[in-house]
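# Examining the three-dimensional arrangement
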Amino acid sequence: MRQCAVQPVHLFFRCGLGLCLGWSLWLAPVAAQEGVEPAATETTVGLHYDIQVQLEADGHALRGQMVVEWHNNQPQATQELRWHVYNNAWEGMQSLWMREAQLQQYERSPKTWGHTEVDSVRVLQITDGQHQNLLTAPTAVEFQYLPQVGAPLDRTVAKTSLPVAVVPGGFVQVQLQFRATLPQAFRRNGWGSGGYFHAAQWFPKLGVWEGQGEQVHWNCPPYRFLSEFYADFANYKVAVTLPASYAGHFVASGTVLGSAPAQNEDGTITYFTEAERIHDYAWTVDPKAIVYEREFRAENYRDEAEEQLVAEALGKTVEAVRPQPTRMILLLQPEHEALQDRYFEALGKALYYFGLWYGSYPYPTISCVDPANDARWTGGMEYPRLITAGAHLGVSAKTLSPEGVTVHELGHQFWYGLVANDEFQYAWMDEGFNTFSTLRVLQHAYPDESDTYTVFGAEYEGHAPLSQPQYQSGDPRSFVHLERWQKPDMGMATAFGLHFVHQEDFGRFLAELPPLSYVPRVSHDVVLDARQQMVSAWGQPLSVPTMDLLDYETMRRNAYYRPALTLETMARIMGEVRWLQVLRAYHQRFRFRHPQPGDFLQVVQEFASDVRLEGENGSFAVDWGEFWRQAYDGNDTMDFAVVYLRNLEQTSSAEAESTGPYQVELALSRRGGFHLPVEVRITWEDGSQSQLVWPGKQWSWRYRWQDAPQRALRVEVDPDHHLLLDQNWLNNRLQLQPEADAHWDAGLRALLWAQQVLHYFGGVG
Amino acid sequence: MTDYPAPAPTTLVVDAMPLVETEEAPQPPPVQEKSVAHYLLLGIAKALAKPRVLLFLWLWGFLLALLVAAPVFSSAASHLQSVGTSSHFDFVDEVPAWIVDEWRRVDPRAWASVGPNLALLLLLVSLANLLWTAGWMRIATDSAPGHSLRNFFAGGGRYFYPFLRTWLFGCACYAGLSYVFWGPPAIWFFHWFVPGGDLNLAASESTTFWLKVVQQLFYFLALWVVEIWLDVARASLICGQRRSATLALIRGLGFVLRRPSPLFGFMALGFGLELLWIATMDALRTTFDWSLLFLVLVVPFGRLVLRGARYIGLIQYYAAQTADGSQVEES
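Sequence order as written defines the numbering, with residues in each chain counted from 1. All chains are assigned letters beginning with A, and all ligands numbers beginning with 1, in the order in which they are written. Owing to the predicted nature of the model, reporting of local features is limited to residues with pLDDT of at least 70; listing and counting of side-chain atom pairs is limited to 80 or more, with chain, interface and lining totals taken over all residues.

## Description of the overall build of chain B
Let me state the cut-off plainly: Labels follow the DSSP assignment, with helices taken as runs of H or I lasting at least four residues and strands as runs of E lasting at least two, numbered in each case from the N terminus. With C-beta atoms placed from the backbone, the exposure class of a residue follows from how many other C-beta atoms lie within 10 Å of its own: 20 or more, buried; 12 or fewer, exposed; in between, partly exposed. Here contacts are defined at the residue level, using C-beta atoms placed from the backbone and a cut-off of 7 Å between them.
Within chain B one finds eleven helices and three strands. Going from N to C terminus, chain B has its helices and strands arranged as β-β-α-α-β-α-α-α-α-α-α-α-α-α. Across the 331 residues in chain B, those meeting the buried criterion constitute 38%. Here the analysis covers contacts within chain B between residues at least 6 apart in sequence; of these, 69% occur between residues at least 24 apart.

Printed below as a string of structure tokens:
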């Protein structure tokens, strides 16, 4: 570590013992557990980090020292601390992460490895419940890595045994010195060749001492392929020392103290930062990038209808529900200058809607990083008060890039940053809620999304009705397509492949002539689009811990889209006002806390137990416990379908006079195991409509009007598309006189496209 | 005794004193070089004069395309008639993405059939085009009147195998170019600009962007050169009534190297007219809100005429520029 001028914070840190005493009694207000907007109560933040770190001259490694003060807020004593050392996942193929990646046939690995070494650990003090120090002098202890099942050399979890136990109400102060070498950008952290450096998971971080009753334990699993992170809320003071060329090119999870970095005698600079009540800390520097700042003010993004709705749901005034101002900071690559407004617009709209629905963003700043081109691995990730997004040159505004990823990562400030679930086990609780919320923000803020195609890096609106065949490497059919010939390895000569024609954007353009043959506009409703992630069988229930899921696809489905579709289904069944109350209450109750899966159901049952579906045939309550049992613990699919609609003319006029001219009968069936009451709508000849409710428990259902005055023309089950979990909406409606001729145009569009492709390839060779 | 023709007047050099005969040597009449546009227009006229051939080719293309589109049409008829949505939904101008996704998810078999069908058809049309190319070129060299398809097919049949050999050579060229532009040589080239030749590792996205653009552009140009070369070689086969594909390729290469500008100009003009035709037809449909059926019927017709015109015009041009010209009559 370079010598540098002693700054006040450095001195404070070196004194060690004096650290953070003012923090030990620091109290933070957190919402109480009653009502939609609970009254404030108080809980302590029992964890404090004071870190000094210096980026070494090579731009790849950090040398740091930190003092951690941890308060035991649980009713059980402990004589050890557990640490995450996530960065050691990148020290070689022996880590559990890399091993699991190999088992999942994930073939990538860091181009240069990274690792963290903890040089020393000293326990500075351990207090009893009355804050009396139980140690006579600082004591050196061992930083002991814990071998993991399947990866005995994994070093992503360590423990330090303490000289005496930390009793409930007591605290321990530990000082660590460490050196962290980050990998070349890979899976969330690392560096790029142009000086870009993204410090995430860069310091040893305490696990969470949690549990109930006698079950209190250190929740500190190793870093695994399918998992993300989990930590406790803490207050951070972080001093980052950098080469002078990084001045003005720095963003962090903390608020930068002072208007400029401190100049050190050795020519380096130091940024002093602070952050309160966050559970991770990241920072990014890039000497090429430009840092922009704008003020977020709700009045610049107003959606009056939504404000009215939220105000009504919460019983407040419109002014009271508007989000509070905050500072938006963007670290942008110079070549993405044209995207500056789009980035800020996305940040602002996300802050607005998330704040409107769930309560204001509580921190003074939010920083967004546009990663360097060769460090895109670090993009699309969330840390408290700092997110990384990503964009490409030539992107059309129609494709919502970088808007989509920016809104999503900012949403994590609310779902993960504030409501901080255990991502190792319940990734759906942040990714699912956030995917649901992201889709809704995009639906409100960007209604004009549509499909595009790319030519020479620029995007144009349109979508191919069909697609040219593409085969996996080794598939002999690719030879027929004149795309590739793959010779398999038969022992005599090694395998090799031969590409006859390379499929690139320009070639596709010439073959398909998009302006002629593509559907000019394939418009998106991002909420409905999420249904494309559905599969005919779910695979594993949502309740299976994320890190134990079978594969990446299942994780992606169970953590992101399936819970998002489940939440959207619940929202549509109970109605917007009720839903806003549920989510607001859940969010406020668990802000700065770690909710468990059952907590959400409890809030739902509290606010929506009286939701009923009304029809001519009666009123039916929705049993949310049963719904959740099927959606979360169970694995059944949902599919309601119309089987038939029949109008039977009465055989005699006398019969018609006595009962009406028609008998009308409809039949519905349930093709999946998931059952709940569902709405059914019938449209009559004169345009009038009737509403029924099918309780949905039976596998099929018939309903008959003996004396219908007219014929029924159409029957629809779930007519307003409330049930996003329904596997097939195309069988939800039956119309005796089909009205759409879209099938004809769909066929013609496909024909026109095929003509052009065949004509083009007819002239090749 | 044979009467030998009088010797042509010559310039005599005697003691470095040139004695020039007073009578000037007769010069051949100046040949007016015809523009490539002339040949293209000639080709269009000849192609339009063969409606039966055009009709046959149009039907051929239509039926093959129908094989691809029929499962889609059938599936759409089953699944989309009762969808019912308040949003605009017609596949002509707009369709909601969720309906397309839903349709594909619910009926994956219809979509799965497109790939294998299309792959086979692409191979088929590429090979069949050897017949059609020879047919058009044969028509260009044949002054026989009439609209029968006989000459068209006779040309195709007679020259199919020499053409097939050029086709195989073309495949090898394509493979070679794909290797050069997308394989290790390209990586070696990119190495000068990007660490490891990996475009993803460029510190600047602009570098990646422009390298990709140049890569695609030059790849396409290289393929185009090969395609012109093959067409010229085929023209030389028919023009000289030859059978050797190897010699034809050598002659074709020489011809392309000697006359690159007219050849590229000719081809570019042909493609330009094709583009104009497509754009005009599409604009007409949009303006008058006609059905997509209009495009299905009309666009291939124009494209076939212009492709035929390119083959006819090319062989006429080749004939005019070489000694093989005696085989070809302009009509």
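What follows continues from the structure just given.
## Observations regarding the overall build of chain A
Looking only at helices and strands, chain A has 17 helices and 40 strands in total. Residues classed as buried in chain A amount to 51% of the 765 residues present. When contacts within chain A are restricted to residue pairs at least 6 apart in sequence, those whose partners lie at least 24 apart make up 71%.

## So, the pairing of strand β4 (residues 61–71) of chain A
Residues and elements named next belong to chain A. What counts here: When DSSP finds two or more bridges between a pair of strands, those strands are recorded as paired.
Counting buried positions over the eleven residues of β4 gives nine, a clear majority of the element. The pairing of strand β3 (residues 47–55) with β4 spans nine bridges and is antiparallel. Across the sheet, L47 pairs through a bridge with W70, a residue of β4. In textbook terms, the turn of a hairpin is the stretch between consecutive antiparallel strands, and for β3 and β4 this stretch comprises five residues, one of which, G59, has a positive phi near 75°. Examined bridge by bridge, β4 and strand β10 (residues 171–181) share eleven bridges and lie antiparallel to one another. Each bridged residue has a counterpart across the sheet, and for V68 the counterpart in β10 is V174.

## Remarks on the nonpolar core
When a protein is soluble and globular, its nonpolar side chains tend to lie buried together. To keep it simple, the criterion reads: Any nonpolar core is a set of buried residues, restricted to Ala, Val, Leu, Ile, Met, Phe, Trp, Tyr and Cys, that join up through C-beta atoms within 7 Å. Source of the domain bounds: an automatic or database domain assignment.
Counting residues in each nonpolar core, the largest one holds 246 residues, and the members touching the most others are L347, A350, L668, A750 and A754 of chain A together with V68 of chain B. In terms of residues, this core owes the most to one element, helix α17 (residues 742–762) of chain A, which gives twelve residues. A domain-level breakdown of this core finds at least three residues from each of domain 1 (1–285) and domain 2 (637–731) of chain A. Contacts of A350 of chain A, omitting those with residues within four sequence positions, involve T406, V407, L410, G411 and V441 of chain A. Residues V36, W132, A140 and L249 of chain B belong to the second largest nonpolar core, which totals 50 residues.

## As for unusual backbone geometry
Leaving glycine out, the prevailing phi sign among residues is negative, and the prevailing peptide bond configuration is trans. For the bond from S401 of chain A to P402 of chain A, the omega torsion is 20°, close enough to zero to count as cis. In this fold, P402 of chain A is placed in the loop between β26 (386–388) and α6 (403–411). Even without a glycine there, the phi angle at Q201 of chain A is positive, about 50°. Mapped onto the fold, Q201 of chain A is located in the loop between β12 (197–199) and β13 (205–206). Take Q201 of chain A: there are 27 C-beta atoms within 10 Å of it, and that puts it in the buried class. The backbone of Q241 of chain B sits at a positive phi, close to 50°, despite the residue not being glycine.

## Points about helix α2 (residues 96–103) of chain A
Count 3.6 residues to each turn of an α-helix, and residues three or four apart come out pointing the same way. Of the residues making up α2 of chain A, those classed as buried are L96, W97, M98, E100 and A101 of chain A. Within two residues after α2 of chain A, Q105 of chain A carries a phi angle of roughly 60°, on the positive side.

## A closer look at the packing of helix α3 (residues 304–314) of chain A against helix α13 (residues 576–589) of chain A
Residue and element names in this part refer to chain A. Heads up, the condition is: Interaxial angle, 0 to 180 degrees, is taken between N-to-C directions of lines fitted to C-alpha atoms, where a helix line uses only the stretch in contact. Oblique is the label for every angle not falling under 35 degrees (roughly parallel), over 145 degrees (roughly antiparallel), or within 65 to 115 degrees (roughly perpendicular). Two helices that cross are described as forming a left-handed crossing if the nearer one is turned anticlockwise from the farther one by less than a right angle, and a right-handed crossing if clockwise. Gly counts as polar in this scheme, as do all residues outside two lists: the nonpolar Ala, Val, Leu, Ile, Met, Phe, Trp, Tyr, Cys and Pro, and the charged Asp, Glu, Lys and Arg.
The geometry of α3 relative to α13 is characterised by a closest axis approach of 9 Å and an angle of 70° between their N-to-C directions. As far as their axial angle goes, α13 and α3 are roughly perpendicular. Here α3 and α13 pass one another in a crossing that is right-handed. Taken together, the residues of α13 that come into contact with α3 (itself represented by L309, V310, E312, A313 and L314) are E576, V577, L580, Q581 and R584. For the contact of α3 with α13, the per-class residue count stands at six nonpolar, one polar and three charged.

## Here's the deal with the interface of chain A and chain B
It is common to give the size of an interface as the accessible area lost on bringing the parts into contact. At the junction of the two partners, chain A supplies 70 residues and chain B supplies 79 residues. Elements that contribute at least two residues to the side of chain A that touches chain B include exactly α8 (477–480), β30 (496–499), α9 (505–512), α10 (514–517), β31 (521–523), α11 (526–529), β40 (733–735) and α17 of chain A. A total of 16 residues in the side of chain A that touches chain B trace back to one element, the largest contributor, which is α17 of chain A. Taken together, the residues of the side of chain A that touches chain B break down into 34 nonpolar, 23 polar and 13 charged.

## A short note on the sheet that holds strand β38 (residues 700–708) of chain A
All names here are of chain A. On the basis of which strands lie adjacent, the open sheet formed by three strands has the order β34-β35-β38 and antiparallel pairing. Across the chains shown, the open sheet's two edge strands, defined by having one partner strand only, are β34 (640–649) and β38. If you compare each strand with its neighbour and ignore which way they point, the axes differ by 10° on average.

## Examining the sheet that holds strand β22 (residues 290–296) of chain A
Working definition: the strands of a sheet are paired by backbone hydrogen bonds and lie parallel or antiparallel to each other. All names here are of chain A. Read across the sheet, five strands follow the order β22-β23-β24-β26-β25 without closing on themselves; strand pairing throughout is mixed. What marks the edges here is a single partner per strand, and that holds for β22 and β25 (381–383). Taken pair by pair, the neighbouring strands of this sheet meet at an average axis angle of 15°, ignoring direction. Looking at chain direction, β25 and β26 are connected through three bridges and run antiparallel.

## Some words on the pairing of strand β5 (residues 78–84) of chain A
If a strand is regular, its side chains alternate between the two faces of the sheet. Residue and element names in this part refer to chain A. Summarising the sheet, β5 and strand β9 (residues 157–166) pair through six bridges and their orientation is antiparallel. If you follow T78 over to β9, its bridge partner there is V166. Taken together, the two bridges between β5 and β13 define a ladder with antiparallel strand orientation. Paired with H84 across the strands is K205, a residue of β13.

## What to know about the environment of G248 of chain A
Tracing the backbone through its elements, the reader meets G248 of chain A in the loop between β16 (234–242) and β17 (250–252). Between the C-alpha atoms of G248 of chain A and D707 of chain A, which are 459 residues apart in sequence, the distance is 79 Å.

## A look at the environment of S244 of chain B
Residue and element names in this part refer to chain B. For S244, the location among the structural elements is in the loop between α8 (205–239) and α9 (245–258). Residue S244 is classed as partly exposed on the basis of its C-beta count, with 14 C-beta atoms lying within 10 Å. Taking the C-alpha atoms as reference, S244 lies 36 Å from V214; in sequence the two are 30 residues apart.

## Side note on the confidence of the model for chain B
Applied cut-off: Each residue gets a pLDDT score, which is the predictor's confidence in that residue and runs from 0 to 100.
Here chain B averages 86 in pLDDT, and 86% of its residues register 70 or above. As scored by the predictor, the complex reaches a pTM of 0.88 and an ipTM of 0.90.

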